[in-house]
Amino acid sequence: MSRNFTGHWRRTPGRLFGIGIVRLYQLTFSPLVGGHCRHLPTCSEYAYEAIARHGLLRGGWLSARRVARCGPFGRGGIDNVPD
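Let me begin by describing the structure that accompanies this report. Just so we're clear, the structure is a prediction, and the values are computed from it rather than from any experiment.

### Details of the packing of helix H3 (residues 43-54) against helix H4 (residues 56-68)
Then, in step 1: At a minimum axis distance of 7 Å, the contact between H3 and H4 shows a crossing angle of 155 degrees. Here H3 is positioned roughly antiparallel relative to H4, judged by the angle of their axes. As for how H3 packs across H4, the hand of that crossing is right-handed. Facing Cys43, Tyr46, Ala47, Ala50, Ile51 and His54 of H3, the residues of H4 in contact are Leu56, Arg58, Gly59, Gly60, Leu62, Ser63, Arg66 and Val67.
Then, in step 2: Split by residue class, the contact of H3 with H4 holds eight nonpolar, four polar and two charged.

### Section: the pattern of salt bridges
Then, in step 1: According to the stated counting rule, one finds four salt bridges in the structure shown.
Then, in step 2: In this structure, the salt-bridge partner of arginine 53 is aspartate 83, at a minimum N-O distance of 2.4 Å. Remark: aspartate 83 occurs in the segment after strand E2 (77-78) and arginine 53 occurs in helix H3; sequence separation between them is 30 residues.
Then, in step 3: Its relative accessible area of 79% is what places aspartate 83 among the exposed residues.

### Here's the deal with the packing of aromatic side chains
Then, in step 1: Overall, the coordinates contain one aromatic pair when judged by the stated rule.
Then, in step 2: With centroids separated by 5.8 Å and ring planes inclined at 50 degrees, the aromatic side chains of tyrosine 25 and phenylalanine 29 adopt a geometry described as tilted.
Then, in step 3: On the basis of relative accessibility, which here comes to 34%, the residue tyrosine 25 falls in the partly exposed class.
Then, in step 4: Of note, arginine 11 hangs over the ring of tryptophan 9, and the distance from its end group to the ring centre comes to 4.2 Å.

### Remarks on the packing of helix H1 (residues 13-28) against H3
Then, in step 1: Packing of H1 against H3 brings their axes to within 9 Å, and their N-to-C directions diverge by 170 degrees. With respect to each other, H1 and H3 are oriented roughly antiparallel. Of the residues in H3, those in contact with Arg15, Gly18, Ile19, Val22, Arg23, Tyr25 and Gln26 of H1 are Ser44, Glu45, Ala47, Tyr48, Ile51, Ala52, Arg53 and His54.
Then, in step 2: Considering only residue class, the contact of H1 with H3 consists of seven nonpolar, four polar and four charged.

Cut-offs and rules
- Residues numbered from 1 in each chain as written.
- Predicted model: local features only at pLDDT ≥ 70, side-chain atom pairs only at ≥ 80, totals over all residues.
- Heavy atoms only, no water.
- Axes fitted to C-alpha atoms, helices over the stretch in contact; angles between N-to-C directions.
- Helix = DSSP H or I, 4+ residues; strand = E, 2+ residues; numbered from the N terminus.
- Parallel < 35°, antiparallel > 145°, perpendicular 65-115°, else oblique.
- Left-handed = near helix turned anticlockwise from the far one by under 90°.
- Contact = heavy atoms within 4.5 Å.
- Nonpolar A, V, L, I, M, F, W, Y, C, P; charged D, E, K, R; others polar.
- Salt bridge = Lys/Arg side-chain N within 4 Å of Asp/Glu carboxyl O.
- Buried < 20%, exposed > 50% of the residue type's maximum accessible area, 1.4 Å probe, protein only.
- Phe/Tyr/Trp six-rings, centres within 6.5 Å; stacked < 30°, edge-to-face > 60°.
- Lys NZ or Arg CZ within 6 Å of the ring centre and 35° of its normal.

Below you can see the structure in the form of structure tokens.
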């Protein structure tokens, strides 16, 4: 069972490129970092869903904002992708 977004999304070249980058990170670098994310869904799962639902530019912007909030003084918790 995948923890990534499984809903319907348009498969445009930009979205496929963005999803590919996120999946590459999830399969290679993420296991080395470990599971220390304080948010639910994790930042990479959030990025996958944001890009799939909103496209590469807007989804990438939402993902960058999410990663910026994930500092040592940031609050954790449930943070879903906006509609």
